[in-house]
Amino acid sequence: MFVLVVSSSTRVEVSGLGSMSSIAVSYGPDGPVFCGLKADGSHSVSCYGSDASVVYGAPSRVPLLGLTAGSGFVCGLLLDSNQPYCWGSNPYVKMGVPQPMIEGAAYSEISAGDHHLCALRKTQVLIDCWGYNMTASYQHNAAISMITAGSVFSCGLFLRNKTTFCWGDETGSGVIGLIPRNIRFHSISAGGFHVCGILENFQVFCWGRSSGLQQSVNLAPMDPMVAVSGGRFHACGIKSFNHEVLCWGFTAGDSVPPPKQAKFYEITAGDYFTCGVLAERSLRAVCWGSAGPWSAPLAVSPGVCSTNPCGPGYYEYSILSNSNSVSKLCKSIDSRVCLPCSVSCPQGTLESSPCNSSSDLKCEFNCSTCNSTQCSSFCSSKTKHKSLLSIQLPIFLAELVFTVILLLSVTLAALFYVRYKLRNCTCNATTSTTNMRSRAKRTTTTSSCPSSNKDSVKIMPDLRRAQVFTYEELEKATGKFKEESIVGKGSFSCVFKGVLKDGTVVAVKRAIMAASPSPEQPKRNSKEFKTELDLLSRLNHAHLLNLLGYCEEEGERLLVYEFMAHGSLYQHLHGKDPLLKKKLDWVRRVTIAVQAARGIEYLHGYACPPVIHRDIKSSNILIDEEHNARVSDFGLSLLGPTDSSAALSELPAGTLGYLDPEYYRLHYLTTKSDVYSFGVLLLEILSGRKAIDMRYEEGNIVEWAVPLIKCGEIEKVLDPVLKKPGEMEGLRRIARVACKCVRMRGKERPAMEKVTTELERGLAMLMGSPREEEAVLATEVVLGSSRMNNNSSNNNNNNSGSSGGSNNRKSGRMMEEMMEGMRAPSWITFPSVTSSQRRPSGSEVEVEVEMEGRRRVVVEEEEEEEEEEIGPASPQEELFLQHNF
Ligand SMILES: Nc1ncnc2c1ncn2[C@@H]1O[C@H](COP(=O)(O)OP(=O)(O)OP(=O)(O)O)[C@@H](O)[C@H]1O
């Protein structure tokens with residue numbers, strides 16, 4: 001039966017910049033993060049977004065009652081002890097349980113502002129606050145029903161007389177002086193510099209100062225609301241009439257509007273970003289506003305669990321799961337989520353069943369007074385349905401059976417045909433592999449990319465290598481994309497581990513999709529998906545992540561990669577397990593750096609036109625089963641101009657801390673922007689610190705490490721968890737090259753090939769090579785296992801005895817042994833596959849180019865790069881860095 005659940009309600013809900021809810025949005029310099037309590041009764045939290053300290057710091061196994069968030073941090077109310085627990089980073093709020101914590105204190109509600117957190121004691125007359133300008137206990141004479149926090153202030157609502165009170169910093173907001181003394185509220189929700197409340201007639205009233213903005217947040221719409229939530233300069237509410245969201249106040253230019261015609265149970269706002277739980281069976285969360293993740297691939301609880309019975313005007317939320325049992329949202333049997341009842345049906349509809357303790361009011365169209373197309377189609381389908389049942393049912397059933405049989409036979413025939421075709425394909429596998437290899441070989445040998453004849457040497461898109469998977473196959477492989485299969489999350493995607501039918505272990509990257517067809521985000525996801533698919537199917541290198549296939553079905557976009565058993569370098573350096581970091585000794589770290597450098601060098605030097613990755617960072621360096629590094633995540637990559645020294649004018653994209661200042665400031669993008677990011681990565685590897693880590697006085701790794709390295713104090717930079725190596729020269733060399741990579745001017749940074757050479761020498765010294773110049777070769781054998789073209793070295797390499805695949809494998813094993821501490825007895829040098837392919841610098845070189853079936857020799861000249869010392873940053877540059885990082 002058609003059921004329409006709409007209309008106004010007797011109860012109101014609030015959650016805002018910092019009110020407690022089942023969902024929360026943190027904001028701040030590292031971007032917004034959405035966190036939500038899962039709808040599976042576990043009370044565990046999951047977070048999605050760009051601020052790694054919030055996303056990865058979330059206590060996913062600790063049960064929480066509710067959430068609130070501020071600038072760069074999220075806090076949950078612990079289910080067991082009723083004390084707050086915060087994670088993320090904020091200089092004013094202590095992460096973990098905030099301190100000082102009064103022994104035995106138990107709280108019923110928490111609410112966070114920009115840099116503070118307040119909690120209402122269960123006794124309801126005492127509020128404890130922690131953080132910027134607010135650390136104190138506030139005693140009241142009357143019971144308080146709820147609290148909420150704005151940017152630098154907090155407010156509460158008295159239970160009995162329903163008036164409000166606020167405290168904290170009045171500057172900028174004026175909320176304290178402007179409190180409406182005689183107005184009674186159902187509830188209140190503070191935003192950045194304002195407070196909005198729902199009056200007893202369900203209309204919204206806001207006060208505060210809107211900082212001179214034209215779209216004043218104080219001008220709330222007239223529509224009655226069941227929930228309201230305040231952002232920095234805006235507020236959003238759920239309309240009581242149809243549960244759709246309405247936002248008002250200031251919105252940034254690039255803002256995604258709230259989804260149209262979507263109904264919500266709950267909403268919460270960050271600063272310029274708002275999220276809500278959809279009032280549908282999926283209980284998905286969707287977000288809108290500026291930046292951020294646009295939806296979360298999990299069901300989120302529509303409200304906070306309470307031990308109190310749902311009073312009059314509420315109904316207990318329950319939903320039938322697939323197995324027809326009621327799915328549980330709360331851990332304890334005595335707890336429940338109470339949602340407000342709708343009290344009347346919208347115009348043109350009639351009440352079909354009233355709100356009771358277990359279900360909301362249900363309405364359906366009144367077929368006798370139909371005046372909308374929606375109503376007409378509902379009524380006509382109802383009539384048709386009736387007549388079908390009475391007259392046409394037997395015919396309909398016969399037709400149905402016939403169609404099913406027909407479909408089954410067609411499907412079976414198709415299946416047999418595909419199987420037959422596939423059986424025929426198996427014997428061609430070697431041939432196609434050989435073809436692939438020869439294609440890859442061509443890719444490498446066309447490295448010089450001469451501008452005179454650029455079209456003829458371009459790598460043509462070749463999507464044949466990427467297999468097309470069906471959604472069903474990947475769903476099966478990942479156990480229906482279950483939570484336990486998630487191995488990582490990015491800002492716009494979730495990565496799942498999966499096992500294909502043939503036993504291949506794969507990583508499946510699933511784009512997090514916007515529920516609303518907002519103009520910007522789906523385009524962006526789709527663009528990143530296409531870029532990654534297009535680039536990865538053209539590129540082939542031992543140190544680039546291999547794409548196995550993709551699936552694009554009904555709006556789902558999935559990429560399938562080789563599975564990287566040891567996760568990302570970020571997880572090793574900054575993950576929860578400190579042992580992982582310790583295990584990554586100097587040789588392993590530098591090995592990973594060399595391998596990543598090789599992958600990037602390939603993108604810059606051999607792909608034609610060159611590829612600029614634009615998002616080099618430790619979470620995009622993955623580590624495979626054999627501990628080899630692979631560069632991943634080509635979603636932001638761009639094809640550069642054929643002349644690799646020329647620049648593109650692109651709006652900056654990437655990750656803060658790794659972004660090239662020249663690109664960030666001037667939108668001047670060249671391959672040297674990747675060199676800058678790689679320099680930051682090198683400093684991260686050497687120091688074990690994050691690119692930006694606000695726990696330190698100097699939070700920016702470049703600002704902190706470069707002066708120390710330049711003063712010769714490299715020991716102060718090296719990761720304290722590792723013992724200093726006996727021979728420091730290798731690491732010194734690497735630190736120096738890192739400094740060169742992060743020079744302010746792109747032109748002054750070395751090209752990737754130089755960086756790789758320097759790193760290889762550093763690694764050789766670290767491993768005790770007697771002669772640094774020779775040492776390069778030994779590492780290349782380990783690191784440069786050229787899966788792409790095992791024999792391509794023959795072109796330029798005279799010493800071909802060890803360049804074959806088996807020798808590579810053998811030497812790879814030997815190196816692995818060495819890396820495991822079982823070093824080979826003496827220094828071993830092998831001719832290098834990779835260096836022979838590399839475009840040499842500083843001399844006249846001959847590069848063989850194969851074009852249109854003909855071979856020709858291109859003579860290329862390159863200038864020797866000057867090895868100048870790193871000059872100090874100019875005052876303007878320093879100012880720029882301080883300002884931006
Ligand atoms: N092929 C893979 N094998 C194993 N783990 C993977 C694989 N690809 C990605 N991951 C894991 O998933 C995480 C997320 O990857 P993803 O590329 O989506 O995002 P990211 O680069 O970390 O972040 P962002 O998208 O914000 O730049 C990675 O950091 C890594 O831990």
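Our subject is the structure listed above.
Keep in mind that this is a model prediction, so the values were computed, not measured. Just so you know, the residues in each chain are numbered from 1, in the order the chain's sequence is written. Two thresholds apply to this predicted model, a pLDDT of at least 70 for residue-level local features and 80 or more for giving and counting side-chain atom pairs, whereas whole-chain, interface and lining totals are computed over all residues. Note that water and hydrogens are dropped before the side-chain values are worked out from all heavy atoms of the structure.

Q: So what about a negative patch on the surface? Which residues, and what values?
A: Distance thresholds for patches are 9 Å for like charges and 5 Å for nonpolar side chains (Val, Leu, Ile, Met, Phe, Trp, Tyr), applied to residues having over 30% relative accessible area and no salt bridge. Accessible areas in this description were obtained via Shrake-Rupley with a 1.4 Å probe; residue shielding takes into account the shown protein chains only. Salt bridge, as used here, is a side-chain nitrogen of Lys or Arg placed within 4 Å of a carboxyl oxygen of Asp or Glu. This count recognises Lys and Arg as positive and Asp and Glu as negative, with His and chain-terminal groups excluded. We put the charge of a Lys on NZ, of an Arg on CZ, of an Asp on CG and of a Glu on CD. Where like charges cluster on the molecular surface, the negative patch consists of Glu472, Glu473, Glu553 and Glu554. Secondary structure follows DSSP: runs of H or I at least 4 residues long count as helices, runs of E at least 2 residues long count as strands, and numbering of each begins at the N terminus. In this structure, Glu553 sits in strand β35 (residues 547-553). Given the relative accessible area of 31%, Glu553 is considered partly exposed. Per-residue accessibility, obtained with a 1.4 Å probe over protein chains only, is compared with the maximum for each type, and a residue is labelled buried under 20%, exposed over 50%, and partly exposed between these values.

Q: Pulling in residues and values, what's your account of the sheet that holds strand β6 (residues 73-78)?
A: Here the rule is simple: two strands pair whenever DSSP picks up at least two bridges between them. An order of β5-β6-β7 is seen for the three strands of this open sheet, with the pairing classed as antiparallel. Each edge of the open sheet is held by one strand with a lone partner, namely β5 (64-69) and β7 (84-88). Neighbour-to-neighbour, the strand axes of this sheet turn through a mean angle of 25°, independent of strand direction. Pairing geometry for β6 and β7, over five bridges, is antiparallel. Directly across from Val74, in β7, lies its bridge partner Trp87. Axes here refer to lines fitted to C-alpha atoms; in helices the fit is confined to the stretch in contact. Angles between the N-to-C directions go from 0 to 180 degrees.

Q: An account of the state of the cysteines is needed here, citing residue identities and associated values.
A: The disulfide criterion is simple: two cysteine sulfur atoms within 2.5 Å. The tally for this structure, following the rule as stated, stands at nine disulfides. Disulfide partner of Cys305: Cys330, at an S-S distance of 2.1 Å. Linking Cys305 and Cys330, the disulfide has an S-S dihedral of approximately -95° and is accordingly described as left-handed. Of this pair, Cys305 sits in the loop between β24 (295-296) and β25 (314-316) while Cys330 sits in the loop between β27 (326-327) and β28 (338-340), and the two are 25 residues apart along the sequence. Accessibility assignment for this pair places Cys305 and Cys330 in one class, buried. Two residues share a disulfide in this structure: Cys310 and Cys338, whose sulfurs sit 1.9 Å from each other. Its S-S torsion of approximately -85° makes the covalent link between Cys310 and Cys338 left-handed.

Q: How would you sum up the site of the ligand? Please name residues and give values.
A: Any residue with at least one heavy atom within 4 Å of a molecule or strand is counted as near it. Within the structure, the ligand sits among 22 residues, and Ser491, Ser493, Lys617, Asn620 and Asp633 are positioned closest to it. Here a polar contact means two N or O atoms within 3.5 Å. Within protein one must be a hydrogen donor candidate and the other an acceptor candidate, and residues neighboring in sequence count only if both atoms are side-chain atoms. Within the contact set of the ligand, an oxygen atom lies 3.2 Å away from a side-chain nitrogen or oxygen of Asp615. Between the ligand and the protein, one listed contact pairs an oxygen atom with a side-chain N or O atom of Asn620 at 2.4 Å. Coverage of the ligand by the protein chains reaches 92% of its 610 Å² of free accessible surface. Counting residues per element, the ones that place at least two in the shell around the ligand are β32 (486-489), β33 (493-499), β34 (505-511) and β36 (556-562). Examining the composition of the shell around the ligand, we find that three residues originate from one element, β32, more than from any other. Think of it as three bins: nonpolar holds Ala, Val, Leu, Ile, Met, Phe, Trp, Tyr, Cys and Pro, charged holds Asp, Glu, Lys and Arg, and polar takes everything else, Gly as well. Among the residues forming the shell around the ligand, the class breakdown is eight nonpolar, eight polar and six charged.

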